[in-house]
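# Understanding the architecture of this molecule
These are the residues of each chain, in order.
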Amino acid sequence: MPFTPDDYNPHDFANRRHIGPSPAEMEEMLSVIGCDSLDALIDETVPGSIRQAEPLSFGPPKSERELIWYMREIAKQNSVLVTMIGQGYYGTVTPPAIQRYILENPAWYTAYTPYQPEISQGRLEALLNYQTMICDLTGLDVANASLLDESTAAAEAMAMAQRVAKTKAMGFFIDENCHPQNIEVMKTRAEPLGFEVIVGAPDDMPSEGLFGAIFQYPGTHGHARDFTGQMAALHDQKALGIVIADPLALTVLKEPGQMDADIAVGSTQRFGVPMGFGGPHAAYMACRDAHKRAMPGRIVGVSVDARGNKAYRLSLQTREQHIRREKATSNVCTAQALLAVMASFYAVFHGPVGLKAIAQEVHRKTVRVAEVLKAAGYVVEPDAFFDTITVEVGALQGAILKTAAAEGINLRRVGGTKLGLSIDETTRPASVEALWRAFGVEETYGAKSANICVPDALIRTTEYLTHPVFQMNRAETEMMRYMRRLADRDLALDRAMIPLGSCTMKLNAAAEMMPITWPEFSNIHPYAPTDQTQGYAALVKDLSAKLCEITGYDAMSLQPNSGAQGEYAGLLTIAAYHRANGDTQRSVCLIPTSAHGTNPASAQMCGMKVVVVKSAANGDIDLDDFRAKAEAAGDTLAACMITYPSTHGVFEETVREVCDITHQYGGQVYLDGANMNAMVGLSKPGELGSDVSHLNLHKTFAIPHGGGGPGMGPIGVKAHLAPYLPGHPATGGDEGPVSAAPFGSGMILPISWAYILMMGGDGLTQATKVAILNANYIAKRLEGAYDVLFKGKTGHVAHECILETRPFEKSAGVTVDDIAKRLMDNGFHAPTMSFPVAGTLMVEPTESETKAELDRFCTAMLAIRDEIAEIEAGKIDAANNPLKHAPHTVEDLIGEWDRPYSREQGCYPPGAFRVDKYWPPVNRVDNVYGDRHLICTCPPLEAYAEAAE
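It should be emphasised that the depicted structure is a prediction, and the values quoted were computed from it without experimental measurement. (Residues numbered from 1 in each chain as written. Predicted model: local features only at pLDDT ≥ 70, side-chain atom pairs only at ≥ 80, totals over all residues. Heavy atoms only, no water.)

### Description of the pairing of strand β9 (residues 299-304)
Among the six residues that make up β9, six are buried, leaving the element largely enclosed by the rest of the structure. The two faces of β9 match: Ile-299, Gly-301 and Ser-303 on one face and Val-300, Val-302 and Val-304 on the other face are all buried. Across six bridges, β9 lies against strand β10 (residues 310-315) in antiparallel orientation. Counted as the bridge partner of Val-304 is Lys-310 from β10. Taking the residues between adjacent antiparallel strands as the criterion, β9 and β10 are bridged by five residues, where Gly-308 takes a positive phi near 85°. (Buried < 20%, exposed > 50% of the residue type's maximum accessible area, 1.4 Å probe, protein only. Helix = DSSP H or I, 4+ residues; strand = E, 2+ residues; numbered from the N terminus. Pairing = 2+ DSSP bridges.)

Shown next as structure tokens:
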């Protein structure tokens, strides 16, 4: 029987896999909105004055199968050698269970930052394990839940020391044995803050004029030494002492706390996280209890829920920069949660005995290598080391490097006559023998050395990882079930839509994720020779070119490894441009009241003076106020920072005028790219008058949020700013680096590249249109129940909308918190709360959600409005109702019930699934209790019992 071919393409990734609504569903949604077509909606929503003239053109998009083949071909251009370069990055064995059940599991990698604790208990427990691990290993009292990388953690520690030191001195001493990237990132941070950086040998540290000092332990060339004397000398001048410590070394070496250090930082990369061409990796920070309230980043703490049961939450200064803005002490807005979870499970997987055994084996291998090289006549330094040695080779340096590479080994070039080498847990006897051959020595590995090259006084004597979680049975069945139990407690994108405004929780497709764990991408050292990283070079070049075409910029830096880091890098680029032009007086940065909280914090970190610009009644920038303040700044105007579309979810038609005013007075325009998901393919920031933007690859370009990191915040600039982009000691450049690695978190760049390659120009543009469609559909469906605070002239919103919920507190005693917790009963993560307008909800559905999921969300929101109406009418008690008791748990379902509404109404509201219902593991968490009784490590079991009582 003949058939009629149709044009349906099952391999069309953009329209069949990534974009949620089908064409038929889009027609239904457009009918609800009142538009004839998707293009008509876009024409009515996006001002014609900002539309780009030419469509994006990247050639035909790739199917998933084509992409995987293509990525394999690119991966082949990277050479995976045995790395002995060290310098903060080491080979590590990722336990297959951790790779499969954590790194490759969407229950973990699609989760959002755990700001809603009731639906985040699993990753909060894993992060608490991480904090406990760090506190134990460093011997300090409090640790945060991770930072971006070791270098930025060191810079944060420096700034923290200046804030808490009881001295007015502005000098900061850096141990010359710190890794080069750490020194340079700290210098970058110090310059705009007016810190005087002194780099030298620890024994030459000044005895006055310092607010702090930092030391690498072990040093970049292997030196293991005790810094107790330096800490005492610093405390005598009321300064703080910081140690950058290798956590694996701390299982056998004296910990910073025993040296009387105040702060410790470092990287947990070698705890099972691949090198990945520089990241992402979880850096850590720990400090003494007295300084905990000055520590940047997130801290997981222990509290209780409404039933008195143990519950975890984020404590203290979480999102401090959104509250304190230009007075914030750090712009840290994210962490490396997924990688911290991996590192914590590595410690659980091995336990203290396993970690110590790994460290001892690494050390004994290194000693064996050193003994053979010494016997062959080489001068090997230092005498006391953990895993790294430096060998004097004279004029043979180049030849040995070349021979080692031919043997499949990368060494580190040190000066003109030395070579450095670091041993790790992946170093095999065959690799050691190949290493010796590169040095001209024929030797059989035999047994590991029985000698120890650590002084007795430097050997660790204290216990660590004593909590039961690190003592559990380490059979894989037990590990697998523990990981599953924690994952099941959380609500991630694999369960439901996460409609967080300004967060763009879109699909992270499996095909995009697959390549990152291939050895050719994951096992590459960031400082590997360039002839071994041609695959990454091709990726970086093409991704940068495509991002430039999307944004209208001329150059792109992929170095910033978070959005806030991108802001910081962009403003530093502007500051460098002004300095080069002799305009050193330019220091004023104009920022609207509606800006992201990180904007003023980033400006402050760059030494700029923040001047706040008012918003008009419709949410737009108040042009009169902007013009007046730009004029008042005059030749001191450095920049303005704006977000487009605005954080109010509207395309402002005055954006070009704002740019023109800024340029009129000699300033540069920083356009925050947080809302690029409403612009791609429709409008280019670089064509609106903007000079620089950061892009959130973890929002617009499909890198998953990982439960609070990783992220990437590359910056695009116009040509005149290109010479002032961040440099790096490994790749050159006139400006200082902002991240540890030249290309930030290189291992996750393939995700965004794959997304663009599979979507193509038309697919990316269609995704933007559907993101706008989905937001307008929700706004229309909720019309009459909730007011939408800000709309464009035609009555439409951009890709997100702000729902007015403040009147309910007066009419029914219902707060925005109550609505957020009630959404959990419906199986949803709440929209963004109280940003940019306090007491409201900002909803961003993204293009990836289907009409069915949008309708389920609307059903939940409308049912919540009905419950509020019943309170307003006096039909339900204002203090004893489903909203006030939300979220409801299984304990509520099976326990005693004395509430004036049914169990079904409480536990199974209209938006919830009947069969596949998500149950929050705890009732509403008590935030006040958590801050008053601050516990930031795994508490003993008796502490839980006391809390319940």
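### What about helix α15 (residues 476-488)?
Helix length check: α15 (13 residues) gives 18 Å between terminal C-alpha atoms against 18 Å at 1.5 Å per residue, within 8%. Looking only at α15, the buried set comprises Met-479, Tyr-482, Met-483, Leu-486 and Ala-487. Buried positions in α15, seen along its axis, are confined to an arc of 135° and lie on one side of it. (Expected span 1.5 Å × (residues − 1). Arc of directions from axis to C-beta.)

### Some thoughts on unusual backbone geometry
Keep in mind that most residues, glycine aside, have a negative phi and that most peptide bonds are trans. The step from Gly-279 to Pro-280 runs through a cis peptide bond, and the omega angle for that step is 10°. Assignment of secondary structure puts Pro-280 in the loop between β7 (263-267) and β8 (283-287). Looking along the chain, the bond that leaves Glu-381 and enters Pro-382 is cis, with omega of -10°. Turning to its location among the elements, Pro-382 is positioned in the loop between β11 (379-381) and β12 (388-392). One non-glycine residue with positive phi stands out, namely Gln-87, at about 60°.

### Regarding the UniProt feature "domain: Glycine cleavage system P-protein N-terminal" (unreviewed entry) in the chain
Here the UniProt feature "domain: Glycine cleavage system P-protein N-terminal" (unreviewed entry) sits at residues 16-439 and 468-727. In residues 468-727, helix accounts for 35% and strand for 13%; the two terminal C-alpha atoms are 45 Å from one another. (UniProt positions renumbered as here; feature names shortened; annotations may be inferred.)

### Here's the deal with the nonpolar core
In this structure, Met-133, Phe-345, Leu-547 and Ile-550 are the most contacted members of the largest nonpolar core, which totals 203 residues. Of the residues forming this core, the biggest block, 18 residues, is contributed by helix α24 (residues 749-781). Not counting chain neighbours up to four residues away, the residues in contact with Leu-547 comprise Met-556, Leu-558, Leu-695, Leu-697, Phe-701 and Ile-756. With 36 residues, the next largest nonpolar core counts Phe-172, Cys-178, Ile-263 and Ala-283 among its residues. (Core = buried A, V, L, I, M, F, W, Y, C linked by side-chain atoms within 4.5 Å. Contact = heavy atoms within 4.5 Å.)

### Here's the deal with the sheet that holds strand β17 (residues 588-592)
One open sheet holds the seven strands; their spatial order is β16-β22-β21-β20-β19-β17-β18, and the pairing between them is mixed. Single-partner strands in this sheet number two, and they are β16 (555-557) and β18 (609-613). For this sheet, the mean angle separating the axes of adjacent strands, direction not counted, is 25°. Pairing analysis gives three bridges linking β16 to strand β22 (residues 715-717), with the strands arranged antiparallel. Bridge pairing in β22 links Met-556 to Gly-716. (Axes fitted to C-alpha atoms, helices over the stretch in contact; angles between N-to-C directions.)

### Notes on the pattern of salt bridges
Side chains that carry opposite charge are capable of pairing whenever their charged atoms lie near each other. One pass over the structure, following the stated rule, counts 42 salt bridges. Residues Asp-542 and Lys-546 are paired through a salt bridge, measuring 2.8 Å at the closest nitrogen-oxygen approach. Taken together, the positions of Asp-542 and Lys-546, both in helix α18 (residues 534-551) and four residues apart, correspond to about one turn of that helix. Here Asp-542 falls in the partly exposed class, since its relative accessible area comes to 24%. (Salt bridge = Lys/Arg side-chain N within 4 Å of Asp/Glu carboxyl O.)

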